[in-house]
Amino acid sequence: MVPTAPIPVEAVVLADIAIVIAVCAVLTRLLRRLHQPPVIAEIAAGLLLGPSLLGMLPGDLPDRLFPADARLPLSAVANLGLALLMFLCGWELDSRQLRSNTRNIGALAVLAMAVPFALGGGFAVLIRHQQAGPGVRPAAFVLFLATAFSITAFPVLARILRDQGLTRTRIGGMAMTCAALCDVVAWCVLVLVTALAKSNGTAGFVQVLGLTAGFAAVLVLVVRPLLRRALARLNERGSDSALTAVILSGLLVSAFVTSWIGIHPIFGAFAFGLLMPRRTGAERGLGDELTQRVGIPLDRAAALLLPVYFVLTGLSVDVRKLGLSGLLLLVGALAVATVGKYLGAAVPARLSGLGGRDALAFGTLMNTRGLTEIVVLGIGRQLGLISAELFTVMVLVALLTTAQAGPLLRRFKLTAPLPVPDPVRPVVQPSREIQPV
């Protein structure tokens, strides 16, 4: 009998992507009935296909479905989807709107970031000896975990606001602006953490920061003017393929440069997104055209590729290995995450004049971590900053804090649209969040 030839790795990768897309599509439909955003289905799919659930069946199914030699090409696919997502997040941020809203709700944004950051930093100090990666600098571990606790995922937040009918409300506008401001600060801190973790000594740290600052200057002073002119000309000619090529190559080269500097490539993709034409002001026409002809196709491409990232994350999470100490760690982390956001967001909002239910709704929205938190945790895992147990715990915290938003908001009965005052406008257009598969 002729022995069966091994299945080529590229065929396994294609089959794995098909499995991931199918499982995410089914879970998205099921969880939509529970008023959950697609990211919950994607995170749940990662846990379902990983050792936490599928690994409970005989035959070591996670390793059979996702063998080790297939994970490297799958990781490349996942990182491409992640780069597209971070580019789109940067594209959605309008710095002019951020500046105009900072004076009005700047204090709320600062407290919504600072309080959970402080509580998370204190929690990190308590667990550092047990949960920090081997050889990790204490400052890097504390800063990373504090940042992870202070994150609010504004792409997921946009979807939740739309599903709950809160897009055109004062609470929705406040939450989106605060989330955007908090996440910009969080990404800046993560650049420092990454440089601190990957550099060798003080000289290496300073070198990474210097190269990062130089790269940012080149983007603003050189790349941005050239990009605006090139996109305007290509847009006038109606060349969709050339537009897509310029944007894709630009964001990927930017991601490569930041990786070469010594920080994570997603920072480069995010920075390139910030350079893209905005939808307001003199560039409105160009921004709208690019959104329809390039932005939406990239949006859909990211929606197809991102579930692979969540499944690869799920393969590194094994809830079964959480013993009593792990469960206590989960309870403590969940308490710090929730209390930090409510103290930093809901209490100041109540003191500023919002009603009780509005303030609680604002705190609930700011407690949404979802996709952004998973990305941050993935960076920490790649850098070896946190233990496998803490990584599992924080993934569960991201899942639970995001899943609670829909049911709590419906309980607060805040789904009726209200007019949004001019000083508070959504920073991210809700129609442009990552769509479900």
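Attention in this report is confined to the structure presented alongside it. (Residues numbered from 1 in each chain as written. Predicted model: local features only at pLDDT ≥ 70, side-chain atom pairs only at ≥ 80, totals over all residues. Heavy atoms only, no water.)

With that out of the way, let us pick up the nonpolar core. Phe87, Phe141, Leu145, Trp187 and Phe362 are the most contacted members of the largest nonpolar core, which totals 135 residues. When residues of this core are assigned to their parent elements, the largest contribution, 16 residues, is made by helix 8 (residues 170–198). Setting aside anything within four residues of it in sequence, one finds Phe362 in contact with Leu108, Ile171, Met174, Ala175, Cys178, Ala345, Ala346 and Ala349. (Core = buried A, V, L, I, M, F, W, Y, C linked by side-chain atoms within 4.5 Å. Buried < 20%, exposed > 50% of the residue type's maximum accessible area, 1.4 Å probe, protein only. Helix = DSSP H or I, 4+ residues; strand = E, 2+ residues; numbered from the N terminus. Contact = heavy atoms within 4.5 Å.)

With that settled, the discussion passes to the side chain of Gln404. Tracing the backbone shows Gln404 in the loop between helix 16 (388–403) and helix 17 (405–412). A residue is classified by how much of its surface remains accessible, and Gln404, at 17% relative accessible area, is buried. Not counting chain neighbours up to four residues away, the residues in contact with Gln404 comprise Tyr342, Thr364 and Asn367.

Close approach of charged atoms allows side chains of opposite charge to pair. Enumeration over the complete set of coordinates arrives at two salt bridges. Note that Asp63 and Arg71 form a salt bridge whose closest N and O atoms lie 3.0 Å from each other. Given the relative accessible area of 40%, Asp63 is considered partly exposed. (Salt bridge = Lys/Arg side-chain N within 4 Å of Asp/Glu carboxyl O.)

Moving on: a nonpolar patch on the surface. A cluster of nonpolar residues, Leu119, Val339, Leu343, Val347 and Leu351, forms a patch on the protein surface that exposes about 440 Å² of accessible area. A per-element tally of the nonpolar patch places helix 13 (residues 324–351) first, with four residues. Relative to the assigned elements, Val339 resides in helix 13. (Patch = residues over 30% accessible without salt bridge, like charges linked within 9 Å, V, L, I, M, F, W, Y side chains within 5 Å. Areas by Shrake-Rupley, 256 points an atom, 1.4 Å probe, with all protein chains shown as cover.)

With that out of the way, let us pick up the environment of Ala25. Mapped onto the elements of the fold, Ala25 is located in helix 1 (residues 9–32). Taking the C-alpha atoms as reference, Ala25 lies 8.7 Å from Glu42; in sequence the two are 17 residues apart.

So, about the packing of helix 10 (residues 240–261) against helix 11 (residues 265–275). Taken N-terminus to C-terminus, the directions of helix 10 and helix 11 make an angle of 140 degrees; their axes are 6 Å apart at the nearest point. As the angle between them shows, helix 10 and helix 11 are arranged oblique. When you trace helix 10 past helix 11, the crossing you get is right-handed. Together, Val246, Ile247, Gly250, Leu251, Ser254, Ala255, Thr258 and Ser259 of helix 10 and Pro265, Phe267, Gly268, Ala269 and Phe272 of helix 11 make up the contact between the two elements. Per-class residue counts for the contact of helix 10 with helix 11 are eight nonpolar, five polar and no charged. (Axes fitted to C-alpha atoms, helices over the stretch in contact; angles between N-to-C directions. Parallel < 35°, antiparallel > 145°, perpendicular 65-115°, else oblique. Left-handed = near helix turned anticlockwise from the far one by under 90°. Nonpolar A, V, L, I, M, F, W, Y, C, P; charged D, E, K, R; others polar.)

A word on the packing of aromatic side chains. What the rule picks out here adds up to three aromatic pairs. Judged by centre distance (6.1 Å) and plane angle (80 degrees), the rings of Tyr309 and Phe310 are edge-to-face. In this pair, the class of Tyr309 matches that of Phe310, namely buried. (Phe/Tyr/Trp six-rings, centres within 6.5 Å; stacked < 30°, edge-to-face > 60°.)

What follows covers the packing of helix 4 (residues 68–92) against helix 10. Their axes nearest at 11 Å, the elements helix 4 and helix 10 cross at an angle of 105 degrees. The orientation of helix 4 relative to helix 10 falls into the category roughly perpendicular. Of the residues in helix 10, those in contact with Leu80, Ala83, Leu84 and Phe87 of helix 4 are Ile247, Leu248, Leu251 and Leu252. Residues that form the contact of helix 4 with helix 10 fall into these classes: eight nonpolar, no polar and no charged.

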